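Listed below, chain by chain, are the residues.
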Amino acid sequence: MTTRSRLLPAERRRRLLDVGARLFAARPYADVLMEHVAEEAGVSRALLYRYFPNKRDLFAAVYQRAADRLLAQTRLEPGLPLSAQLAAGLDAHFEYFVANRNTVLAANRVLAGDPVIQAVIEGELDVLRGRLLDVTAFEDRDRELVSSALMSWLVFVRALCVEWLTTEAFSRAQLRDMCVGALLGALGAVVDVDRLERPG
């Protein structure tokens, strides 16, 4: 058992999230028990429950932190080819998905109907849509079309990634190419997408 130590509340919470993230990544959601988290973190179950009243709340906090970190890694820059920026952003997400397969599947399968978990996912998708919309720099009617296409594409990417993690029926390179190609194809049907591929 881990030796218990006195920490400031923020440090304690961070440690609990670190332990939770590690356990949720290593085991299916049903196999992670709050007593396991408490034991590995070196705290009593009573203290753990003061920070996170139940396992769902702990998982939601773990997933929110992961989403925030992924968003920090996927900044987009106007002027660069859209496909290159998409590929880089997707790769950052794929790295997390591979390292945290159980966590991603729990959020998108086991807890698919949970409103708190879905709010975390929808919040991340909305930020990503906003960033992609800004980098395309379309205006007026085109912007509305692109906004709708982007949200639909993000949902498609999410579903395809879950399928990839579950079945491994195609390679990571194929996954990335399908995702990038799907968006460029959808946008190309309604706007001049060629200008998004020209740097500068």
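For the structure itself, look to the data block above.
Below, the structure is looked at part by part. For clarity, every value in this text was computed on a predicted model and none was experimentally measured. (Residues numbered from 1 in each chain as written. Predicted model: local features only at pLDDT ≥ 70, side-chain atom pairs only at ≥ 80, totals over all residues. Heavy atoms only, no water.)

## Let's talk about helix α7 (residues 115-136)
Here comes step 1: Helix length check: α7, at 22 residues, gives a terminal C-alpha distance of 31 Å against a target of 32 Å (1.5 Å per residue), a fit within 8%.
Here comes step 2: When we look at burial in α7, the residues that qualify are I117, Q118, V120, I121, E124, L125, L128, R131, L132, L133, V135 and T136.
Here comes step 3: Two residues or fewer past α7, A137 is found with a positive phi of approximately 60 degrees. (Helix = DSSP H or I, 4+ residues; strand = E, 2+ residues; numbered from the N terminus. Expected span 1.5 Å × (residues − 1). Buried < 20%, exposed > 50% of the residue type's maximum accessible area, 1.4 Å probe, protein only.)

## Here we look at helix α1 (residues 9-26)
Here comes step 1: Over its 18 residues, α1 runs 26 Å from end to end, which matches the ideal 26 Å to within 8%, given 1.5 Å per residue.
Here comes step 2: Within α1 the residues assigned to the buried category are R12, L16, L17, V19, G20, A21, L23, F24 and A25.
Here comes step 3: In this fold, the buried residues of α1 make contact with α2 (34-41), α3 (45-51), α4 (55-73), α5 (82-99) and α6 (101-110). (Contact = heavy atoms within 4.5 Å.)

## What about the state of the cysteines?
Among covalent bonds in proteins, the disulfide is the one between the sulfur atoms of two cysteines.
Here comes step 1: A complete count under the given rule lists 0 disulfides for this structure.
Here comes step 2: Cysteine C161 shares no disulfide, and the gap to the nearest cysteine sulfur, in C179, comes to 5.2 Å.
Here comes step 3: Classification of C161 by relative accessible area gives buried; the value is 2%.
Here comes step 4: By relative accessible area, C179 is classed as buried at 0%. (Disulfide = S-S within 2.5 Å.)

## Some details on unusual backbone geometry
Here comes step 1: With phi around 60 degrees, A137 is a residue other than glycine that occupies positive phi space.
Here comes step 2: By secondary structure assignment, the location of A137 is in the loop between α7 and α8 (140-167).
Here comes step 3: Here A137 falls in the partly exposed class, since its relative accessible area comes to 47%.

## Comments concerning the nonpolar core
Here comes step 1: F59, W153 and L187 are the most contacted members of the largest nonpolar core, which totals 66 residues.
Here comes step 2: Ranked by residue count, the leading element in this core is α8, at 11 residues.
Here comes step 3: Excluding anything up to four places from it in sequence, F59 contacts F24, Y29, T103, A106, A107, L111 and I117. (Core = buried A, V, L, I, M, F, W, Y, C linked by side-chain atoms within 4.5 Å.)

## Topic: the side chain of N108
Here comes step 1: Along the chain, the position of N108 falls in helix α6.
Here comes step 2: One polar contact links N108 to R158, side chain to side chain, over a distance of 2.5 Å.
Here comes step 3: Dropping the residues within four chain positions of it, N108 is found in contact with Y63, I121, R158 and V162. (Polar contact = N/O pair within 3.5 Å; in protein donor to acceptor, adjacent residues only side chain to side chain.)

## A short note on the packing of aromatic side chains
Here comes step 1: This model, assessed by the stated rule, comprises 6 aromatic pairs.
Here comes step 2: Between the aromatic rings of Y29 and F59, the centroid separation amounts to 5.5 Å while the plane-to-plane angle is 90 degrees, which identifies the pairing as edge-to-face. One end of the pair, Y29, is in the loop between α1 and α2; the other, F59, is in helix α4, with 30 residues separating them in the sequence. Neither residue differs from the other here; Y29 and F59 are each classed as buried.
Here comes step 3: When the ring of F94 is compared with that of W164, the centres are 5.7 Å apart and the planes differ by 55 degrees; the resulting orientation is tilted. (Phe/Tyr/Trp six-rings, centres within 6.5 Å; stacked < 30°, edge-to-face > 60°.)

## A word on the environment of L133
Here comes step 1: Its location among the elements puts L133 in helix α7.
Here comes step 2: On the basis of relative accessibility, which here comes to 9%, the residue L133 falls in the buried class.
Here comes step 3: Along the backbone, L133 and G185 are 52 residues apart, and their C-alpha atoms lie at a distance of 16 Å.
Here comes step 4: Once residues lying within four places of it in the same chain are set aside, the contact partners of L133 are R143, V146, S147 and L150.

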